[in-house]
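# Structural overview for review
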Amino acid sequence: MSTLVIFVIAIIILQVFLYIKTSSLISKLKRVLSGDFSTGQTVDDDVTVIRYKAKNKDDISQNIELSINRYLKENKGAVSDFNLIKDIVERNCDTLEAEISSQTPLPLYLGLMGTVAGIILGLLTITLSGGFSNIENVIDTLMSDVAIAMVASFMGIGLTTLTLWKAKKCKVKVEANKNRFYTWIQTNLLPVISKSAVSAITLLQHNLTRFNESFVGTVNRLEAKLGDVGDVYESQIEILNKIEAIDVKKMATANVKVLSALDGSMGSLDRFSQYM
């Protein structure tokens, strides 16, 4: 078996391997969001989240479910943005689609590489075997090598075309799954979240109304107490004014007279005590 044949077989094996790998990625992309959706409540936070169920649950759908639920938990009590949820889905799908797009033309490139390598090996063989002295043998050898190498190109074209056909069907399926999921989000999830947000706002309004009513009563009672304090203050001012109106000199003179009278009666009190 010649070196060219071994090289072409190796290229074909690599082409088949890449085709199988790309087909696996396409099948994986077709399963994204192909299951059933439902809503649920978290035990700890009492937040409405999505529940995704499928027979063969892929990691892309799991990442989408976890990312959306994390957003719903962080956005608890507020109206969720549909565009953000859509962006989460698109970014997760775009990653896998980009990987498929990058691997799709690889079998074709390998086939072209095999064809060019066959031509180079053919010319190299001709050169090493004596050049172009026998033109008929040269042409036969070159055509034989090119024909063998063209098998790799044929396989590359065939596998790439088949991959593109599968990718196109997968794209239609994925878009249908995403549209079905978006419709479910808009008709089943967002209305429930909006009701929760409205209920939270209504409860907040009710609590604020109760607080305002109790606060008004407290202010009224405080106003009455402050009025009583004002009355006491006014009566104290009145007493102070009356005290200031008394003649201090008259009070001192009266006190002296009282003390003198008491001093004069001290002798009588002493004789009375001796008599007793």
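What you see is a predicted model; the values in this text were computed from it and never measured.

Definitions and limits used
- Residues numbered from 1 in each chain as written.
- Predicted model: local features only at pLDDT ≥ 70, side-chain atom pairs only at ≥ 80, totals over all residues.
- Heavy atoms only, no water.
- Phe/Tyr/Trp six-rings, centres within 6.5 Å; stacked < 30°, edge-to-face > 60°.
- Helix = DSSP H or I, 4+ residues; strand = E, 2+ residues; numbered from the N terminus.
- Buried < 20%, exposed > 50% of the residue type's maximum accessible area, 1.4 Å probe, protein only.
- Axes fitted to C-alpha atoms, helices over the stretch in contact; angles between N-to-C directions.
- Parallel < 35°, antiparallel > 145°, perpendicular 65-115°, else oblique.
- Contact = heavy atoms within 4.5 Å.
- Nonpolar A, V, L, I, M, F, W, Y, C, P; charged D, E, K, R; others polar.
- Expected span 1.5 Å × (residues − 1).
- Arc of directions from axis to C-beta.
- Polar contact = N/O pair within 3.5 Å; in protein donor to acceptor, adjacent residues only side chain to side chain.
- Salt bridge = Lys/Arg side-chain N within 4 Å of Asp/Glu carboxyl O.
- Patch = residues over 30% accessible without salt bridge, like charges linked within 9 Å, V, L, I, M, F, W, Y side chains within 5 Å.
- Areas by Shrake-Rupley, 256 points an atom, 1.4 Å probe, with all protein chains shown as cover.
- Lys, Arg positive; Asp, Glu negative; His and termini not counted.
- Charge placed at Lys NZ, Arg CZ, Asp CG, Glu CD.

What characterises a pair of aromatic rings is the spacing of the ring centres plus the angle enclosed by the ring planes. Scanning the entire structure with this criterion turns up 6 aromatic pairs. Centre to centre, the rings of F37 and W184 are 5.6 Å apart; their planes meet at 40 degrees, and the pair counts as tilted. You can see F37 sitting in strand β1 (residues 36-41) and its partner W184 sitting in helix α5 (residues 135-245), a full 147 residues away along the chain. Residue F37 is classed as buried on the basis of its relative accessible area of 13%. Given the relative accessible area of 11%, W184 is considered buried.

Looking now at the packing of helix α1 (residues 3-30) against helix α4 (residues 106-128). The geometry of α1 relative to α4 is characterised by a closest axis approach of 9 Å and an angle of 175 degrees between their N-to-C directions. Between α1 and α4, the crossing angle belongs to the class labelled roughly antiparallel. Facing L4, F7, I11, L14, Q15 and L18 of α1, the residues of α4 in contact are L106, P107, L110, G111, M113, G114, A117, G118 and L121. Here the contact of α1 with α4 is composed, by residue class, of 11 nonpolar, 4 polar and no charged.

Let's shift gears to the environment of S144. Mapped onto the fold, S144 is located in helix α5. S144 sits in the partly exposed class, given a relative accessible area of 37%. C-alpha separation for the pair S144 and G118, spaced 26 residues apart in sequence, amounts to 9.3 Å.

With that settled, the discussion passes to the environment of K173. Within the element layout of this structure, K173 appears in helix α5. Taking the C-alpha atoms as reference points, K173 and R31, 142 residues apart in sequence, are found 8.8 Å from one another.

Take helix α2 (residues 59-74) next. The terminal C-alpha atoms of α2 lie 22 Å apart, and with 16 residues this matches the ideal 22 Å at 1.5 Å per residue to within 8%. Taken together, the buried positions of α2 are I60, S61, I64, E65, I68, N69, Y71 and L72. Seen along its axis, α2 keeps its buried residues to an arc of 160 degrees; they face one direction. The outward face of α2, more than 90 degrees from its buried face, is lined by the exposed residues L66, R70 and E74. Among the residues of α2, the N-terminal cap falls to D58, whose side-chain oxygen and the backbone nitrogen of I60 are separated by 3.2 Å.

A word on the pattern of salt bridges. All told, the structure shown has 6 salt bridges when counted by the stated rule. E90 serves as the salt-bridge partner of K178, at 3.0 Å between the closest nitrogen and oxygen. Of this pair, K178 sits in helix α5 while E90 sits in helix α3 (residues 82-103); the two residues are 88 residues apart in sequence, bridging distant segments of the chain. Through salt bridges with shared partners, a single network forms among E90, E97, K171, E175 and K178.

It is worth spelling out a positive patch on the surface at this point. On the surface, a cluster of positive charge is made up of K30, K169, K173 and R180. A total of 3 residues in the positive patch trace back to one element, the largest contributor, which is α5. Here R180 is to be found in helix α5.

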